[in-house]
Every structure is written in structure tokens, then in C-alpha cells.
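Letter by letter, the chains look like this.
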Amino acid sequence: MNDFPSFPPRFVFGAATAAFQIEGATGEDGRGLSIWDTFARRPGAVLGGDTGDVACDHYHRYRDDIALLKELGVRSYRFSVSWPRVQPTGAGPANTAGLDFYERVVDGLLEAGIEPAVTLYHWDLPQALEEQGGWRHRDTAYRFADYARLVADRLADRVPRWITLNEPWCSAFLGYGNGLHAPGAREGTPALAAAHHLLVAHGLSVPVLREAGAREVGITLNLDHVVPATGAPDDVAAALRAETQRNLLWTEPLFKGRYPDSEDDTWEELIRRQLFRRSGDLDIISAPLDFLGINYYTPSVVRNAPHREPDPLARTADDNRFEGVGMPEARHTAVGWPVAPHTLHELLVSLGRRYGDALPPVYLTENGSAEDDVPASDGAVHDAERIAYLDGHLRAVAAAIADGVDVRGYYVWSLLDNFEWAYGYSKRFGLVYVDYATQRRVPKDSFHWYRALISART
Ligand code: IFM
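The rules behind each value
- Residues numbered from 1 in each chain as written.
- Predicted model: local features only at pLDDT ≥ 70, side-chain atom pairs only at ≥ 80, totals over all residues.
- Heavy atoms only, no water.
- Near = heavy atom within 4 Å.
- Polar contact = N/O pair within 3.5 Å; in protein donor to acceptor, adjacent residues only side chain to side chain.
- Areas by Shrake-Rupley, 256 points an atom, 1.4 Å probe, with all protein chains shown as cover.
- Nonpolar A, V, L, I, M, F, W, Y, C, P; charged D, E, K, R; others polar.
- Pairing = 2+ DSSP bridges.
- Helix = DSSP H or I, 4+ residues; strand = E, 2+ residues; numbered from the N terminus.
- Axes fitted to C-alpha atoms, helices over the stretch in contact; angles between N-to-C directions.
- Contact = heavy atoms within 4.5 Å.
- 1 Å grid on protein atoms, 1.4 Å probe; cavity = no way out; pocket = protein on both sides within 12 Å on 5 of 7 lines; lining within 4 Å.
- Points joined across faces, edges and corners; volume = space filled by probe spheres on them.
- Phe/Tyr/Trp six-rings, centres within 6.5 Å; stacked < 30°, edge-to-face > 60°.
- Buried < 20%, exposed > 50% of the residue type's maximum accessible area, 1.4 Å probe, protein only.
- Lys NZ or Arg CZ within 6 Å of the ring centre and 35° of its normal.

Caption draft 1: Representation of the site of the ligand. Around the ligand, the surrounding shell consists of Gln 21, His 122, Trp 123, Asn 166, Glu 167, Tyr 297, Trp 337, Glu 366, Trp 413, Glu 420, Trp 421 and Phe 429. Within the side chain of His 122, a nitrogen or oxygen atom sits 2.7 Å from an oxygen atom of the ligand. Between the ligand and Glu 167 there is a distance of 2.7 Å, counted from a nitrogen atom to a side-chain nitrogen or oxygen. The fraction of the free accessible surface of the ligand (280 Å²) that becomes covered by protein chains is 95%. A breakdown of the residues in the shell around the ligand according to their chemical character gives six nonpolar, three polar and three charged.

Caption draft 2: Quick look at the sheet that holds strand E9 (residues 322-324). Strand order in the open sheet formed by three strands is E6-E8-E9, with mixed pairing between adjacent strands. Two strands lie at the open edges of the sheet, namely strand E6 (226-228) and E9, each paired on one side alone. In this sheet, adjacent strand axes meet at a mean angle of 40 degrees when their direction is disregarded. Pairing geometry for E6 and strand E8 (residues 300-304), over three bridges, is parallel. Residue pairing across strands places Val 226 opposite Ser 300, the latter belonging to E8. Each of E6, E8 and E9 touches helix H10 (residues 233-256); the most contacted strand, E8, lies at about 125 degrees to it.

Caption draft 3: Molecular detail of empty space enclosed by the protein. Under the criterion given, the structure shown has three cavities of 30 Å³ or more. The space that makes up the largest cavity amounts to roughly 70 Å³. What lines the largest cavity is Ile 35, Trp 36, Tyr 121, Trp 123, Trp 135, Cys 170, Ser 171, Gly 175, Tyr 176, His 181, Ala 182 and Pro 183. Among the residues forming the lining of the largest cavity, the class breakdown is nine nonpolar, three polar and no charged. Every residue along the wall of the second largest cavity is listed here: Thr 17, Ala 18, Ala 19, Ile 22, Glu 23, His 58, Tyr 77, Phe 79, Ser 80, Phe 101, Tyr 102 and Val 105. Mapped by element, the contributors of at least two residues to the lining of the second largest cavity are helix H1 (19-22), strand E2 (76-80) and helix H5 (96-111). Across the lining of the second largest cavity, the residue classes tally to eight nonpolar, three polar and one charged.

Caption draft 4: A look at the layout of surface pockets. Quantified by volume, the largest pocket comes out at close to 1200 Å³. Lining the largest pocket we find 43 residues, and of these Trp 169, Leu 174, Asn 222, Thr 298 and Trp 337 sit closest to its centre. Residue assignment for the lining of the largest pocket shows that the elements contributing at least two residues are helix H8 (168-174), H10, E8 and E9. Tallying contributions element by element places H8 first for the lining of the largest pocket, with four residues.

Caption draft 5: Seen up close, the packing of aromatic side chains. Applying the stated criterion across every chain yields a total of 35 aromatic pairs. Taking 4.4 Å as the distance between ring centres and 25 degrees as the angle between the ring planes, the aromatic pair formed by Phe 7 and Phe 11 counts as stacked. When its relative accessible area of 5% is taken as the criterion, Phe 11 is described as buried. Between Tyr 425 and Tyr 436, the aromatic rings sit 4.7 Å apart at their centres with planes inclined by 55 degrees, giving tilted as the arrangement. Of this pair, Tyr 425 sits in the loop between strand E11 (407-413) and strand E12 (432-435) while Tyr 436 sits in the loop between E12 and strand E13 (440-443), placing them 11 residues apart in sequence. Through pairs of rings, three or more aromatic residues link up here, namely Phe 20, Trp 36, Phe 39, Trp 123, Phe 419, Trp 421, Tyr 425 and Tyr 436. The ring of Phe 101 is capped by Arg 85, whose NZ or CZ atom sits 6.0 Å from the centre of that ring.

Caption draft 6: Main features of the sheet that holds strand E7 (residues 291-295). If you walk around this closed barrel you meet the eight strands as E1-E2-E3-E4-E5-E7-E10-E11, and the pairing is parallel. Neighbour to neighbour, the strand axes of the sheet diverge by 25 degrees on average, direction disregarded. With five bridges connecting them, strand E1 (residues 12-16) and E11 associate as parallel partners. Looking at the pairing, Ala 15 lines up with Val 412 of E11. Lying on the sheet, H5 is in contact with E2 and strand E3 (115-121); it crosses E2 at an angle near 170 degrees. Here helix H15 (residues 384-402) sits on the sheet and contacts E1, strand E10 (362-366) and E11; the angle it forms with E11, its principal contact strand, is near 170 degrees.

In C-alpha cells, the structure reads:
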């Protein structure tokens, strides 16, 4: 008999994916190019030169994948819509074939008794918009609101839960700060402008989604639990800078309608020049939300450090005088992330404390681990470490609920092994193993464990 953590009766169990990571079919039915199609072709940008051209071939196999979700027993499935599939150049009328695909997915899910949860932006900006400046450019926020309207007009009558952006920190700081993600830029002020324009895009799309009939509207942030390496004042100040970049730059505008005071110590005036912030923007950004999505994987332990780039004119926006020291005592996943589930509990409780009534209900919209999965001689994938990871984090969520944080659901990342961005296909996060040569899907032991956890409640 399994000893599963216990959750409130209406708690939503789900699984998540994202368009570019699973769909493939990048050249079909009028889809335009995204920044990830371009970036993946840049030599050295993605491990092994992997691309999203085929991925999990979900575009053609979505019916099989919905059958897997049904077998898993999840109440909700979180997936993202590819902007360039719907609007090939990021502007103008919808590509009907693109919307038709997502309509088939939504209808298939509903037939299987699964609630769709749609993310509008999971990093695949139309390449044509990047050529006009991408997220550095304010106009991209208005283009995003137009795109949101096209998708919501078609699907909001059947999709209850809408997520505007996934992890805008990654779009701004990995995309335009350290260049590890598409479009691969390494910049200062433009990366902070990107962060602001992403927030404006989010805020502009909230009323659009509501007008179209969306019942629940939120945003997903990858919040960090930052711990100073020591109690020394320099390390504590460094931890605040890390927290400012990772969390406060996003949560303060969203839930308090202001940028954090701690940004003054995080970015020098030279980078922080705020010409891109216009009066009225914070009112747009702080539009009330029905939920906050949180993606959580691992904490950061940081200490004070000098700037990586001594020349202030060449400094990028992620150069904030802190560095990670790791957690040598913890187990590390296959991407090298320390496993410390109690830090999820601490993050949730501290958010509740910081924002009080201003914090909307929370969904864990992603949590999971990459492991070195290999099918065993019996054909199964025995991923005991992933099960322990999920169990630990679910217990942390249950403890936060017991401590009064309103967490309404949890989505495992991910349903399938998939394209893990700069790591290509080398890292596997799925509950389902994908043999990329044949596209055969093999539910791992963690799939059966999660299924048993869900069904033990019903
Ligand atoms: O695969 C990603 C996902 O796209 C966004 N959140 C983190 C996951 C694991 O790195």
C-alpha cells in the first residue's frame, strides 16, 4: 500500500508540455519560423545540433498522447500554443490551419474528460518579430495582445485556464542577457527592456482573454528560493540581488504595481536606464489575476562576487555580483540541479507572507526532474529517483497548503521526454520515455506511480 501525500478534494493533478519541445512539424500547414528554429541552427547553440524539426512528432501523434494522459488519469493538461503556427510572422490574420490544430487538441482533451490549460507564450517568438527587435521592442507587447485575441476568440469557450507567459525570466535573461537561449543575445539595458515588455504583454493580454470568455487567467513564473551562502552582510546583499533578478523584478510589478527598491543595488544606472518604462505601464501589468503559476525545480545558494565583466559598458543584465555555490550535500539530477524539496515549501510560505491577500491562488505549473533514463532488459524504465523527487515536492506542496498557502494544483513537467532547449534531446524529464528513432512511447515507473497517486483519491 502506497503512502501518498494528501491534498484537498478539488486539488488539480496535471501534466505539462510546451509546443516547441514536442510538436515537430515546424514546416507544416503554414507555420512560420520561430526564434528557436533559427537559434537551433546556430553552430554550438544546442547540444548535438538538435533541432525541433521532429521533436516528439506530437503534431501528428497528439491523439496517442491524449490517450496517454487519459490513462494517467490527470484532470488537466497544460500545453502551449506556438505563436508562429497561429500567426506565421507575428502579425496579421490567423493561419487557420494552426488554430485548427489546437482546436483538435482541445476537443480531444475534452472528449477524454481532461481540462485544457493553455500557455500562450512558451518562448517561441515568431522570427519576423525578432528581426524587428523582439522583446526589446515595445511593439512586440501589442503584437502579443493581438495574438492572444486570435487564440482566445477560437478557444476560450472550451479552455478554462489561461497562462499568458511561461517563465518570462528565461525569455529576458537567458534570451537577451547571457544568450544561452534564443535569440542568443548578450545585452544590458535591452534585456531589462525585454523583461518590462514581457510584463506589459502579459498585462495587455489579461483583459483580452477575459473579454473572450476565459474563466481563469494567470501567468507562470519560475521563482527561485535564494539562500545566502553565509550570514555575512555581503552574501546577504548578494542574495537580495539574486532574488531581485529572479523573483522581485516580476512579482513586485505584478502584485504590488511597482518595481522593487532593491533593483537600484542590482543594476547600475547605466543598465537600469528606464526610458522603456512608461507612465501607466504598472497599472497595465498589475491587472488582477485569478492565479499565479509557479515552476519550481531547485533552489540557489549564492555568495557575493565581483562583476564578471569589468567594463561597465560591456556588462550584460545578468551580471549582478552574485555567484552560485551549489549544494554539495544534495543529490543532483541529470541537469546538475540539487534536489531540495523543503525549499519549495519555504518558497510558497514566504510568498504567502510577503504578498498576503495580494497573492492569488497558486498552481505549481511545472515540477519534475531530468534523470538518466534507460529502458531496462524488461523493456520498462525504472526511474525510482524521479519518483522520490516528485514525492518529495508533492509533500512540500501539501505542507504549504497545511500552512495556509492556497495551492490549487500541480502539473508534472513533463508528460513526455522532449527537446530540453540548449540541451537538445540529451535530458529526459518525461513520465513517458520517448524513443526518438521510432517515436515509441514507454510509460516509466513514475507514470504508474503518479497514476496510482491520482487514482488513490478517486
Ligand atoms: O523544459 C523546461 C520548460 O520548458 C520550462 N521550465 C523548465 C523545464 C526544464 O528545464
